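# Close look at the chain arrangement
So the chains spell out like this:
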Amino acid sequence: MAFLEIHNLDKYFGGLAAVNNLDMNVEQGEIAGLIGPNGAGKSTVLNMVGGTLLPTKGAIFFQGENITNYPAYRRARLGIARVFQRNALFRSMTTIENVLAASYLHSNKRFTEIFLKSAADLKREKTLYDRAMELLSFVGLQKQANEMATSLPHGNQRALCVAMALASEPKLLLLDEPVTGMNAEEIAAMMGMIKSLRDSKGITSIVVEHNMRAVLGLCEHTVVLNYGKKMMEGTPRECVDDPRVIEAYLGAETDVI
Amino acid sequence: MIRNKIAKLSGLAAIVVLLLFLPTMLSGNQYLVSVLSLAAINILLVASLRNVFLMDQISLGQVGFSLIGSYGGALLVMKAGLNFWAALVLCGLLSAVVALLLGYPFLKVRGIYFAILTLMTAEAFRLVAYYWRELTGGTLGLVNIPPASPMTLPFIGTIKFDIVTNYYYIVIIVVLICLFILYLLERSHVNFRWRAIKDADELALSVGINVIWYKMMNFAIACFFAGISGVLFAFFQRNLSADGGSRFGITMSIYLLVYMVVGGHKHFTGPIIGTLVLTIISELIRPMQNYKDMVIGLIAILVMIFMPNGLSGLPSQIRDWWQQRRSLRPTSEIAQGSDKETVGPS
């Protein structure tokens, strides 16, 4: 049994098949890529794994457990974390508060803390704060801890999103276009970060990305989607060199003429 | 920090002491004391509205939940022979349970849809109370509600709550306790989660927060206090009516919203200041009763234009304005200086 198994997954929006009969396995410790032209259904697949969308048909198994109809928060508890495509942040909060809010599953707050904080409560609070600070320094944002998160530049916001996803100590990380809109330097930093997560913490990742250089440098295994169907599967090099994939992205030679 | 805290605490203690001695100071002026009691009851209702607003949801149905408290409290005491205090807590809980049940479907929608749902629910509750003659007295209203059960205190003796100057103490103490709990809640980790949900609910879900449960909890807590406020009202007025122009009608819902907006929704003190100021103004213009809605509406519009953060946001608004002025001063001084030079020789 694979780490994450997707069986015959279908998603219809009205009559439109966004994802059609998708089978896909992700092994533990792998960085899997999900590529394909615009509108191929990549983000839809990620949303169904993360729980934002429920599939029309099919099943998803995570570590042998059928999570097909679990709400997103229960999946988070099982260890699935997301980095959304747009920079989803808690707008009214500072950088560190964002990470603290994302540490919900580890905050262990007692009901009585509303009325009175004991020494043990304060100690737990301190531990949580230190942990959040550690995460921020891992993504290189410790200096901006007390700035408003929305005032950070795009690349930093993206890094913050990763820190927030890590705050729940996930086993599986779903990254929706992690390097989009970044400059070369930021891309290299983000790629290094995703790799080191796998190497140091053993976090499995699924990456949806348009930047082929990032996919080639990052993933061991890629699935190509086109019109909601799996077109092919293999190493990123194999996929990128395949004439069918090139045709899906650029069109056939005959189309041009 | 500590000095600041002490100053705040002693200020608060002074207000509490003042509130407790107010009836004596007003030499038992029934009119003023009843205005104050009603204002306090309304403050609790506006505070409950603001608790829902912490999640950026506008509830126009708080009067409906206060109706559950009012009728529930009165009927429990009159028909079931319950003690006032038991009825107070039970009806708060009853409102909370109803809110919990309705919250599940209601809180799946946001913004205007939630406002409409709550508005219609309150109207439905009101109409039930208005037409269920056997239980609520129907269109005739529920009359002859007994006063709150007398209390025997050491040193003071037995207090009867048949006159408003005595009942005032119950209102003030209960409202203060409720406001204190709401204040603690707002400063706690629970509000931190409500804020996260307000900011980005999809993200909150993905970090593991059970969003719908936290929303239901917020709504239930708010409605608990709306219910309490309702019970306090029932034993203040001692007769209840549920017709359209009554306290449980749509106009009151709008008024509660206006109180919150004029007071300012960003600060906890907003509902208190807004309700107090507008209550005093409505009492002052009592001779022109027919124009009351117009005057209050005008004030609300002016506050919204010139004080977008409401009356409670005024100090920080003035501070910002003052700082802006000070940072501009050097240039204005130069302008004045050159002005004098040119004026001088001529």
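The residue numbers shown here count from 1 along each chain, following its written sequence. A letter from A marks each chain and a number from 1 marks each ligand, given out in the order of writing. At least 70 in pLDDT is required for a residue's local features to be given in this predicted model, at least 80 for side-chain atom pairs to be given and counted, and no such filter applies to totals for whole chains, interfaces and linings, which use all residues.

Another aspect to go through is the overall build of chain A. Only DSSP runs of H or I reaching four residues or more are called helices, and only runs of E reaching two or more are called strands; each is numbered from the N terminus. Along its length, chain A carries 10 helices and 10 strands. C-alpha atoms define the radius of gyration, and 2.2 Å times the number of residues to the power 0.38 defines the globule rule. Computed over the C-alpha atoms, the radius of gyration of chain A is 20 Å, within 12% of the 18 Å expected from 2.2 N^0.38 for a compact globule of 257 residues. Its C-alpha atoms put chain A at 70 × 40 × 35 Å along the principal axes. Partly exposed residues are those falling between the two cut-offs: more than 12 but fewer than 20 other C-beta atoms within 10 Å of their own, whereas 20 or more means buried and 12 or fewer means exposed, with C-beta atoms placed from the backbone. Expressed as a percentage of its 257 residues, the buried residues of chain A come to 40%.

From N to C terminus, chain B includes 14 helices and two strands. Within chain B, buried positions represent 41% of all 346 residues. Residue pairs at least 24 apart in sequence account for 73% of intrachain contacts in chain B once pairs closer than 6 positions are excluded. The contact criterion used here is simple: two residues whose C-beta atoms, placed from the backbone, lie within 7 Å are in contact.

Moving on to the interface of chain A and chain B. The interface is formed by 26 residues belonging to chain A together with 19 residues belonging to chain B. Broken down by element, the side of chain A that touches chain B gets its largest block of residues, four residues, from helix α2 (residues 72–78) of chain A.

What follows is about unusual backbone geometry. Working note: non-glycine residues mostly have negative phi, and peptide bonds are mostly trans. The backbone of Gln-63 of chain A sits at a positive phi, close to 50 degrees, despite the residue not being glycine. Inspection of the secondary structure puts Gln-63 of chain A in the loop between β4 (57–62) and β5 (65–66). For Asp-56 of chain B, which is not glycine, the phi torsion reads 65 degrees and is therefore positive. Note on placement: Asp-56 of chain B falls in the loop between α2 (30–53) and α3 (62–78).

Residues and elements named next belong to chain B. In this model helix α12 (residues 270–284) runs 21 Å from its N-terminal to its C-terminal C-alpha over 15 residues, within 8% of the 21 Å that 1.5 Å per residue would give. Within the span of α12, buried status applies to Gly-270, Pro-271, Ile-272, Ile-273, Gly-274, Thr-275 and Leu-278. Against α2, α11 (250–263) and α13 (292–306) lie the buried residues of α12. Residue count minus one, scaled by 1.5 Å, sets the expected span of a helix.

As a further point, take the packing of α11 of chain B against α13 of chain B. All names here are of chain B. At a closest axis distance of 9 Å, the pairing of α11 and α13 adopts a crossing angle of 35 degrees. By crossing handedness, the relation of α11 to α13 is classed as left-handed. Counting all contacts with α11, which are made through Val-258, Val-261 and Val-262, the residues of α13 involved are Ile-296, Ile-299, Ala-300, Val-303 and Met-304. In this classification, Asp, Glu, Lys and Arg are treated as charged, Ala, Val, Leu, Ile, Met, Phe, Trp, Tyr, Cys and Pro as nonpolar, and every other residue, Gly included, as polar. A per-class count over the contact of α11 with α13 returns eight nonpolar, no polar and no charged. A fitted line through C-alpha atoms serves as each axis, taken over the contacting stretch for helices, and the angle formed by two N-to-C directions is quoted from 0 to 180°. With the far helix as reference, a near helix turned anticlockwise by less than a right angle produces a left-handed crossing, and one turned clockwise produces a right-handed crossing.

What follows concerns the sheet that holds strand β2 (residues 16–26) of chain A. Residues and elements named next belong to chain A. A pair of strands is treated as paired once DSSP finds two or more bridges between them. Spatially, the four strands line up as an open sheet ordered β2-β1-β4-β5, and their pairing is antiparallel. The outermost strands of the open sheet, each flanked by one partner alone, are β2 and β5. Relative to β5, β4 runs antiparallel, the two being bridged by two bridges. Directly across from Phe-62, in β5, lies its bridge partner Glu-65.

Here we come to the nonpolar core. Grouped together as the largest cluster of nonpolar side chains are 167 residues, with contacts concentrated most on Val-99 and Ala-163 of chain A together with Leu-44 of chain B. In terms of residue count, the dominant contributor to this core is helix α10 (residues 211–237) of chain B (16 residues). Here the bounds of each domain stem from an automatic or database domain assignment. Residue assignment places this core across two domains, with domain 1 (4–79 + 170–256) and domain 2 (94–166) of chain A each supplying three or more. Here Val-99 of chain A is in contact with Ala-132, Leu-135, Leu-136, Ala-163, Met-164 and Ala-167 of chain A, once residues within four sequence places are set aside. The nonpolar core criterion groups buried Ala, Val, Leu, Ile, Met, Phe, Trp, Tyr and Cys residues into a set whenever they are joined through C-beta atoms within 7 Å.

For the rest of this paragraph, the subject is the environment of Val-277 of chain B. Residues and elements named next belong to chain B. Mapped onto the secondary structure, Val-277 falls in helix α12. Separated by 14 residues in sequence, Val-277 and Gly-263 place their C-alpha atoms 8.3 Å apart. With residues near it in sequence (within four places) discarded, Val-277 still touches Val-262 and Leu-311.

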